[in-house]
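# Architecture and fold: a report
Chain by chain, the residues run as shown.
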Amino acid sequence: EDRGRFGALLRRLEIDHPAWGMARSLKEAREITKRIGYPVLVRPSFVLGGRAMAIAYNDESMAQFLQAAARVSEGQPVLIDQFIDDAFEVDVDAMADGEKVIIAGIMQHIEEAGVHSGDSACVLPPYKIGLYHRNIIQDHTEKLGKALKVKGLMNVQFAIKDDVVYVIEVNPRASR
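The structure displayed is predicted, hence computed values, not measured ones. (Residues numbered from 1 in each chain as written. Predicted model: local features only at pLDDT ≥ 70, side-chain atom pairs only at ≥ 80, totals over all residues. Heavy atoms only, no water.)

## Section: the side chain of Asp81
Condition: Note on conventions: DSSP H or I runs of at least 4 residues are helices, E runs of at least 2 residues are strands, and numbering of each starts at the N terminus. Categorising residues by exposure relies on relative accessible area from a 1.4 Å probe, with only protein chains included: less than 20% of the type maximum marks a residue as buried, more than 50% marks it as exposed, and the intermediate range marks it as partly exposed. Any pair of nitrogen or oxygen atoms within 3.5 Å is treated as a polar contact; in protein, a donor-acceptor pairing is required on top of that, and neighbouring residues in sequence qualify only through side-chain atoms on both sides. Pairs of residues are marked as contacts when any of their non-hydrogen atoms sit within 4.5 Å.
Among the secondary structure elements, Asp81 is positioned in strand S4 (residues 78–82). Judged by relative accessible area, Asp81 falls into the buried class, the value being 7%. In this structure the side chain of Asp81 is engaged in a polar contact, spanning 2.6 Å, whose partner is the side chain of Arg3. When residues no more than four places from it in sequence are discounted, the contact partners of Asp81 are Arg3, Ala19, Trp20, Ile36, Pro39, Val40, Leu41 and Arg43.

And the structure:
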């Protein structure tokens with residue numbers, strides 16, 4: 001829930017992640033997009049599902065999507081994330097007891113990156129993810145589960161492009 005703390009944790013654990021920012025105004029949103037560049041994913045915070053989530057490729061569409069996201073998030077900041085074009089996404093469901101992390105499944109999204117994970121179809125086992133990427137995914141999932149002291153279920157969403165595995169988010173639940 002706290003993107004600042006989560007970003008700090010990812011940096012401390014040396015886990016790659018898309019650049020991001022939180023905006024409460026059009027001016028802040030423009031500063032963020034200037035810093036991270038287009039395309040960006042614009043989405044309301046604290047909203048389940050892909051409601052009011054959109055990919056912006058320029059200032060005009062970003063401003064339009066920002067308005068829609070701000071209406072949905074009711075006073076909360078709007079999240080602006082670097083959108084990694086031509087990536088493919090992966091969902092990992094795991095269980096942990098605070099010390100040990102067990103991966104229950106690594107699921108590859110069928111759709112291209114940008115379709116909300118709740119709206120995507122996944123395959124198990126993944127067919128596009130080789131051992132190199134699976135090892136990184138396993139390592140990142142274990143590091144995050146231990147650092148967050150997860151007891152119960154956790155879902156980690158990844159994007160992979162050009163041999164870089166990015167963590168998109170971590171949720172205190174299973175996805176599938």
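## Looking at the side chain of Asn155
Its place among the elements puts Asn155 in strand S8 (residues 151–161). Within the structure, the side chain of Asn155 is placed 2.7 Å from the side chain of Asp91, a separation counted as a polar contact. Those residues in contact with Asn155 that sit more than four places away from it in its chain are Asp91, Val92, Asp93, Glu169, Val170, Asn171, Arg173, Ala174 and Ser175.

## A short note on the packing of helix H2 (residues 26–36) against helix H3 (residues 59–73)
To keep it simple, the criterion reads: Lines fitted to the C-alpha atoms define the axes, with helices restricted to the stretch that makes contact. Angles between their N-to-C directions range from 0 to 180 degrees. Roughly parallel means an angle under 35 degrees; roughly antiparallel means over 145; roughly perpendicular covers 65 to 115; every other angle is labelled oblique. Take the far helix as the reference: if the near one is turned anticlockwise from it by less than a right angle, the crossing is left-handed, and if turned clockwise, right-handed. Note that Gly is not counted as nonpolar here; it falls among the polar residues with everything else outside the nonpolar set of Ala, Val, Leu, Ile, Met, Phe, Trp, Tyr, Cys and Pro and the charged set of Asp, Glu, Lys and Arg.
Look at H2 against H3: their axes get within 11 Å of each other, and the N-to-C directions meet at 135 degrees. In terms of orientation, H2 lies oblique with respect to H3. Crossing hand, H2 versus H3: right-handed. Residue-level contacts link Leu26, Ala29, Arg30 and Thr33 of H2 to Asp59, Met62, Ala63 and Leu66 of H3. When grouped by side-chain class, the residues that make up the contact of H2 with H3 number five nonpolar, one polar and two charged.

## Examining the pattern of salt bridges
Where side chains of opposite charge bring their charged atoms close, a pairing between them can arise. To keep it simple, the criterion reads: Only one rule defines a salt bridge in this text: a Lys or Arg side-chain nitrogen within 4 Å of an Asp or Glu carboxyl oxygen.
Across all of its chains, the model carries four salt bridges by this definition. Measuring nitrogen to oxygen at the nearest pair gives 2.6 Å for the salt bridge that ties Arg3 to Asp81. On the criterion of sequence distance, the pair formed by Arg3 in helix H1 (residues 3–12) and Asp81 in strand S4 is long-range, its members being 78 residues apart. Salt-bridge contacts for Arg43 lead to Glu169; the nearest nitrogen and oxygen are separated by 3.1 Å. One end of the pair, Arg43, is in strand S2 (residues 40–44); the other, Glu169, is in strand S9 (residues 164–171), and 126 residues separate them in sequence.

## Structural notes on the pairing of strand S6 (residues 101–109)
Heads up, the condition is: Note: two strands are recorded as paired if DSSP finds a minimum of 2 bridges between them.
Of the strand pairs in this sheet, strand S5 (residues 88–97) and S6 are connected by seven bridges, and their pairing is antiparallel. By the bridge assignment for S6, Ala94 is matched with Ile103. Taking the residues between adjacent antiparallel strands as the criterion, S5 and S6 are bridged by three residues, where Gly98 takes a positive phi near 100 degrees. Inspection of the sheet shows S6 paired to strand S7 (residues 122–123) by two bridges, in the antiparallel sense. Within the sheet, the bridge partner assigned to Gln108 lies in S7 and is Val123.

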